[in-house]
Amino acid sequence: MRKKIVAGNWKMNTTLTKGLELVDELLQTSTNDSILKIIAPPFIHLASVADKLNGKEGFELAAQNCHQSANGAFTGEVSAEMIVSVGAKYVIIGHSERRIYFGETNATLYQKVVTALANNLVPIFCVGESADDRSANVHLETVKQQLKEGLFNLQLDDFSKVIIAYEPVWAIGTGATATTHQAQGMHNFIRSEINKKYGKDISENTSILYGGSVNAENAKELFACLDVDGGLIGGASLKAAEFASIINSF
Ligand code: 13P
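The sections below set out a description of the structure shown in this document. (Residues numbered from 1 in each chain as written. Predicted model: local features only at pLDDT ≥ 70, side-chain atom pairs only at ≥ 80, totals over all residues. Heavy atoms only, no water.)

**Observations regarding the site of the ligand**
Piece 1. As a structural note, the neighbourhood of the ligand is formed by 13 residues, with Lys11, His95, Gly173, Ser213 and Gly235 the closest of them.
Piece 2. In this structure, Asn9 approaches the ligand through a side-chain N or O atom, which is 3.0 Å from an oxygen atom.
Piece 3. Between the ligand and Gly235 there is a distance of 2.8 Å, counted from an oxygen atom to a backbone nitrogen or oxygen.
Piece 4. Considered on its own, the ligand offers 310 Å² of accessible surface; in the complex 95% of this is hidden by protein.
Piece 5. Of the residues that constitute the shell around the ligand, the class distribution is 4 nonpolar, 7 polar and 2 charged. (Near = heavy atom within 4 Å. Polar contact = N/O pair within 3.5 Å; in protein donor to acceptor, adjacent residues only side chain to side chain. Areas by Shrake-Rupley, 256 points an atom, 1.4 Å probe, with all protein chains shown as cover. Nonpolar A, V, L, I, M, F, W, Y, C, P; charged D, E, K, R; others polar.)

Okay, here's the thing in structure tokens:
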């Protein structure tokens, strides 16, 4: 049985004080114990948020990125080992903002996935097409290529640990959520590509999250789609009541 997950990606938002208040409120309001809740604060907040979450059933911590090298002279970067050492078990890799603003390619992202897994850090690997891709009807091809180059060189054992997030770039922060038809269509396509590469068991057990303008109003219908196993939430994860309501809509 694949895991049901709601993850909050805070991106470059919150101060430490505000972030910790957000976690406190969330711990009081999210009552759904049947799913895994993941919080992805900025690197600099990870250790403090880890302290707050310590021992809280059903909550885990993620970083928003990691470097592909184990360690070394990479000023300003953060390694997978460092992330694990402060208590995070997950890392978002390949977010479209990393791809677009920081030039991260599928080849680099594959290296990051390998390094994360080597440190027992579970990758939440993001894929998703641009608005131009969708209007040119090449969205399936784009996502297929991201999966192929970013993940499909992994051995089966390693791949089986990975979580995938489908985040159409045109839906991120725009209010233009994918329809259930669009989300289910892409999730089903991703699962079928995994099936072709790694077989039915693995494809049925891979959690595929949807991200892109998920809010308290649309979460329920998105999460009800057969191949949508949860969400990766941006803006709405910064409001405790709304994020709790998304969590509770499973
Ligand atoms: P929004 O929920 O703000 O659209 O962001 C989604 C996202 O990028 C999560 O990683």
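Once you've had a look at it, read on.
**Points about the nonpolar core**
The nonpolar side chains of a soluble globular protein tend to be buried, and buried together.
Piece 1. In this structure, Leu151, Leu154, Phe159, Ile164, Ile190, Ile194 and Tyr210 are the most contacted members of the largest nonpolar core, which totals 63 residues.
Piece 2. Among the elements that make up this core, the one with the highest residue count is helix α9 (residues 180-198) (6 residues).
Piece 3. Discounting residues that sit within four places of it in the chain, Ile190 has contacts with Val127, Val143, Leu147, Ile164, Tyr166 and Ile208. (Core = buried A, V, L, I, M, F, W, Y, C linked by side-chain atoms within 4.5 Å. Buried < 20%, exposed > 50% of the residue type's maximum accessible area, 1.4 Å probe, protein only. Helix = DSSP H or I, 4+ residues; strand = E, 2+ residues; numbered from the N terminus. Contact = heavy atoms within 4.5 Å.)

**As for the pattern of salt bridges**
Piece 1. Tallying each qualifying case throughout the model produces 16 salt bridges.
Piece 2. Measuring nitrogen to oxygen at the nearest pair gives 3.4 Å for the salt bridge that ties Lys161 to Asp158.
Piece 3. Ionic pairing is found between Asp227 and Arg191, a salt bridge with its closest N-O pair at 2.6 Å. Of this pair, Asp227 sits in the loop between α11 (219-223) and β8 (230-233) while Arg191 is found in helix α9, placing the two residues 36 residues apart along the sequence. This pair shows no difference in class: Asp227 is buried, exactly as Arg191 is.
Piece 4. Each of Arg2, Lys4, Arg191, Lys200, Glu204, Asp227 and Asp229 takes part in one network of salt bridges that share partners. (Salt bridge = Lys/Arg side-chain N within 4 Å of Asp/Glu carboxyl O.)

**Concerning the state of the cysteines**
Two cysteines whose sulfur atoms are joined by a covalent bond form what is called a disulfide.
Piece 1. Evaluated as defined, the whole model comprises 0 disulfides.
Piece 2. Distance from the sulfur of Cys66, which forms no disulfide, to the nearest cysteine sulfur (Cys126) is 12 Å.
Piece 3. Looking at Cys66, the relative accessible area reads 1%, which means it is buried.
Piece 4. Given the relative accessible area of 2%, Cys126 is considered buried. (Disulfide = S-S within 2.5 Å.)

**Details of the packing of aromatic side chains**
The description of two aromatic rings rests on the distance between their centres and on the angle between their planes.
Piece 1. With the rule as written, the count across this model stands at 5 aromatic pairs.
Piece 2. With 4.3 Å between their ring centres and 10 degrees between their planes, Phe159 and Tyr198 make a pair best called stacked. Of this pair, Phe159 sits in helix α8 (residues 156-159) while Tyr198 sits in helix α9, and the two are 39 residues apart along the sequence.
Piece 3. Taking relative accessible area as the criterion, Phe159 reaches 0% and is therefore assigned buried.
Piece 4. Pairing Phe223 with Phe250 gives two aromatic rings, centres 4.5 Å apart and planes at 15 degrees, and the pair type is stacked. Of this pair, Phe223 sits in helix α11 while Phe250 sits in the segment after α12 (240-248), and the two are 27 residues apart along the sequence.
Piece 5. With relative accessibility at 6%, the residue Phe223 sits in the buried group. (Phe/Tyr/Trp six-rings, centres within 6.5 Å; stacked < 30°, edge-to-face > 60°.)

**Quick look at a nonpolar patch on the surface**
Piece 1. Together, Ile100, Tyr101 and Phe102 make up a nonpolar patch on the protein surface, roughly 390 Å² of accessible area in all.
Piece 2. The residue Phe102 is located in the loop between α4 (96-101) and α5 (106-118) in this model. (Patch = residues over 30% accessible without salt bridge, like charges linked within 9 Å, V, L, I, M, F, W, Y side chains within 5 Å.)

**Things to note about the packing of helix α7 (residues 139-150) against α9**
Piece 1. Between α7 and α9, whose axes approach to 11 Å, the crossing angle comes to 40 degrees. As far as their axial angle goes, α9 and α7 are oblique. Like other packed secondary-structure pairs, α7 and α9 cross with a definite hand, here right-handed. Here His139, Leu140, Val143, Lys144 and Leu147 of α7 lie close against α9, whose contacting residues are Met186, Phe189, Ile190 and Glu193.
Piece 2. Tallied by class, the residues present in the contact of α7 with α9 amount to 6 nonpolar, 1 polar and 2 charged. (Axes fitted to C-alpha atoms, helices over the stretch in contact; angles between N-to-C directions. Parallel < 35°, antiparallel > 145°, perpendicular 65-115°, else oblique. Left-handed = near helix turned anticlockwise from the far one by under 90°.)

**Examining helix α1 (residues 16-29)**
Piece 1. Between the first and last C-alpha of α1 there are 20 Å, a value that for 14 residues agrees with the 20 Å anticipated at 1.5 Å per step.
Piece 2. When we look at burial in α1, the residues that qualify are Gly19, Leu22, Val23 and Leu26. All buried residues of α1 project into a common sector of 100 degrees when viewed along the axis, lining one side. Turned more than 90 degrees from where α1 packs its buried face, Thr17 and Gln28 sit exposed. (Expected span 1.5 Å × (residues − 1). Arc of directions from axis to C-beta.)

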